[in-house]
Amino acid sequence: MNETIVIIGGGAGGMTTASQLKKISPEKRVVVFDKGPYVSWAGCPTPYYIAEELPFKSVVHFTPEFFRGRGIEIYENHKVIKIDKENKKIMVEGKEINGEFGYDKLVLSLGGKSFVPKIKNYNNKLENLFKLSHAVEAEKIKDYIDNKKPKKAVVVGSGFIGLEMAEAFKQRGLDVVIVEAMDKIFPTLNENFRKILLDKMKEKDIKLLLNEKVVEIKNKDNKVTKLIFESGNYIEADIFLLAIGLRPNLDLLIESGFELEDNKLETNEKFETKYKDIYALGDMVYNKNLITKKEVYAPFGDVADKQGIILSKILSGKNVQWRGIIGTFATSFFDIKIAKTGLTYDEALKEGYNVKSINVTGVPKVSGFKDSTKGTMEIIYDDDKKIILGASMLGYEAVAQFIDQVAIAITYKISIEDLFYVDYAYSPTNASVWNPLVVAYRKACK
């Protein structure tokens, strides 16, 4: 009898696993359950869909019928309410399947969920209070803006989602206030880079409130009227977004009696949990940092996709494993592009490196062109071994591509001297003669 692989969760990790597994091992029965109406959805494009810069097709890539046509059994709008790991069954609530469903191997791809701290009177049913970690939530936010025509938005949190959604609200014509409990935004960036972002906020007339922690919600007629801060101050608006961060979605596991250490689901390099024939990947698990060897949380779609490719091979019997990450990311705030990889200066110090930092310029084309822009990259390196430990960059073009070069260098521990000897492309219309890694050699290897 063919092996049945059940996947819970139809996001990036789950659907990549399902699709690749069916290609490699078409004889296996691949079954996907998702509690919502969509599979093959992506969270990262959602702010731009809300801003009306991207179509919904960029958020939900394919329909369930698309995957059914490729031999994958999809059960959307089917909620898994319990996992019986001893008897290798799940309990499902749905129209087509309502009850027990057996598996040979189980893949958990439950994703992440928005973190909500203890806030008095918090209620996830309040109609103008939103979170954003799923395509369905993006639809609700956009629908609210389209139909209720709010004038003022408050975004709680100034990380990825916070800044991207502040931009989205502004693009939709709302007055925007960002509320941050810390004394700074984007703590992984240096002070000069943060200042550039703060200047952009002023230019776009976005107000920023620092050192303001939300402790209470005031509501009337099922709508938030104001947020109360620990300081005693408050703020009023028409629409509110909690963008404080993401956490692994472990609710189903807790309901099913899984043993979790420090509220984490432990997995090994083959995505195996401590429970036989149960695997987990994506935003619900932690990853090994290749530099520090410590477990870190990296809820990014590209990471989940790559994990899905590796897990599909493992489930097909191939001897491969997941290596880990170094914390590479990219985002933007209006026309400013932001990217980072590896360790910050302070993180490198804590790891015991002889840390030095240099600033270099990245230019996508010769500066004489009217549309030429340049970015600034901060490179963190070990002065003894002359290897790069991390880098961050702000600019207006090709920022992620420059950081990708550094990510390769960090991953494979290529020395700054060896990076100098790479034969980089040069063309006045495509790239500067001074690649940032060549400049790094001139500054670090004197």
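How each quantity is defined
- Residues numbered from 1 in each chain as written.
- Predicted model: local features only at pLDDT ≥ 70, side-chain atom pairs only at ≥ 80, totals over all residues.
- Heavy atoms only, no water.
- Helix = DSSP H or I, 4+ residues; strand = E, 2+ residues; numbered from the N terminus.
- Rg over C-alpha atoms; globule rule 2.2 N^0.38 Å.
- Buried < 20%, exposed > 50% of the residue type's maximum accessible area, 1.4 Å probe, protein only.
- Contact = heavy atoms within 4.5 Å.
- Lys, Arg positive; Asp, Glu negative; His and termini not counted.
- Charge placed at Lys NZ, Arg CZ, Asp CG, Glu CD.
- Pairing = 2+ DSSP bridges.
- Axes fitted to C-alpha atoms, helices over the stretch in contact; angles between N-to-C directions.
- Left-handed = near helix turned anticlockwise from the far one by under 90°.
- UniProt positions renumbered as here; feature names shortened; annotations may be inferred.
- Expected span 1.5 Å × (residues − 1).
- Polar contact = N/O pair within 3.5 Å; in protein donor to acceptor, adjacent residues only side chain to side chain.

### As for the overall build of the protein
Here comes step 1: What the protein contains, in helices and strands, is twelve helices and 25 strands.
Here comes step 2: A compact globule built from 446 residues should have a C-alpha radius of gyration of about 22 Å, and the protein, at 23 Å, falls within 12% of that.
Here comes step 3: Considered along the principal axes of its C-alpha atoms, the protein spans approximately 65 × 60 × 40 Å.
Here comes step 4: When the 446 residues of the protein are sorted by exposure, 51% land in the buried category.
Here comes step 5: Taking the contacts inside the protein whose residues are at least 6 apart along the sequence as the reference set, 62% of them involve residues at least 24 apart.
Here comes step 6: Across the protein, the centroid of the 65 positively charged side chains sits 1 Å from that of the 61 negatively charged ones.

### Things to note about the sheet that holds strand E4 (residues 79–84)
Here comes step 1: On the basis of which strands lie adjacent, the open sheet formed by three strands has the order E4-E5-E6 and antiparallel pairing. Edge positions in the open sheet fall to E4 and strand E6 (99–102), since each of these has one partner strand only. Neighbour-to-neighbour, the strand axes of this sheet turn through a mean angle of 30 degrees, independent of strand direction.
Here comes step 2: Strand direction decides the pairing type here: E4 and strand E5 (residues 89–93), joined by five bridges, are antiparallel. Across the sheet, isoleucine 83 pairs through a bridge with isoleucine 90, a residue of E5.

### Digging into the packing of helix H1 (residues 12–24) against helix H8 (residues 301–315)
Here comes step 1: For the pair H1 and H8, interaxial distance at closest approach is 7 Å and the crossing angle is 35 degrees. Taken as a pair, H1 and H8 cross one another with a handedness that is right-handed. Together, Ala12, Gly13, Thr16, Thr17, Gln20, Leu21 and Ile24 of H1 and Gly301, Ala304, Asp305, Gly308, Ile309, Leu311, Ser312, Lys313 and Leu315 of H8 make up the contact between the two elements.

### With respect to the UniProt feature "domain: FAD/NAD(P)-binding" (unreviewed entry) in the protein
Here comes step 1: UniProt marks residues 4–288 with the feature "domain: FAD/NAD(P)-binding" (unreviewed entry), using the numbering shown here.
Here comes step 2: Taken end to end, residues 4–288 is 24% helix and 28% strand, and its two terminal C-alpha atoms sit 29 Å from one another.

### Quick look at helix H4 (residues 135–148)
The α-helix winds at 3.6 residues per turn, so residues separated by three or four positions along the chain end up facing the same way.
Here comes step 1: Over its 14 residues, H4 extends 20 Å from the first C-alpha to the last, a length consistent with the 20 Å expected when each residue adds 1.5 Å.
Here comes step 2: Taken together, the buried positions of H4 are Ala135, Glu137, Ala138, Ile141, Lys142, Tyr144 and Ile145.
Here comes step 3: Tucked into the core, H4 has its buried residues touching helix H2 (46–50), strand E9 (129–130), helix H5 (160–171), strand E14 (223–229) and strand E16 (239–242).
Here comes step 4: At the exit of H4 stands lysine 149, carrying a positive phi of roughly 50 degrees.

### With respect to the environment of asparagine 87
Here comes step 1: Structurally, the position occupied by asparagine 87 is in the loop between E4 and E5.
Here comes step 2: Between the alpha carbons of asparagine 87 and lysine 226 there is a distance of 49 Å; along the sequence they are 139 residues apart.
Here comes step 3: Looking at asparagine 87, its side chain comes within polar contact range of the side chain of aspartate 84, at 2.9 Å.

### Looking at the sheet that holds strand E13 (residues 214–220)
Here comes step 1: If you walk across this open sheet you meet the three strands as E13-E14-E15, and the pairing is antiparallel. Pairing within the sheet leaves two strands with one partner each, and these edge strands are E13 and strand E15 (234–236). If you compare each strand with its neighbour and ignore which way they point, the axes differ by 25 degrees on average.
Here comes step 2: With six bridges joining them, E13 and E14 adopt antiparallel strand pairing. Paired with valine 214 across the bridge in E14 is phenylalanine 229.

### Thoughts on H1
Here comes step 1: Its 13 residues give H1 an end-to-end C-alpha distance of 18 Å, which sits within 8% of 18 Å, the value for a rise of 1.5 Å per residue.
Here comes step 2: Those residues of H1 that sit buried are Gly13, Gly14, Met15, Thr16, Thr17, Ala18, Ser19, Leu21 and Lys22.
Here comes step 3: Close packing links the buried residues of H1 with strand E1 (4–8), strand E2 (29–33), helix H3 (64–68), strand E3 (73–75) and H8.

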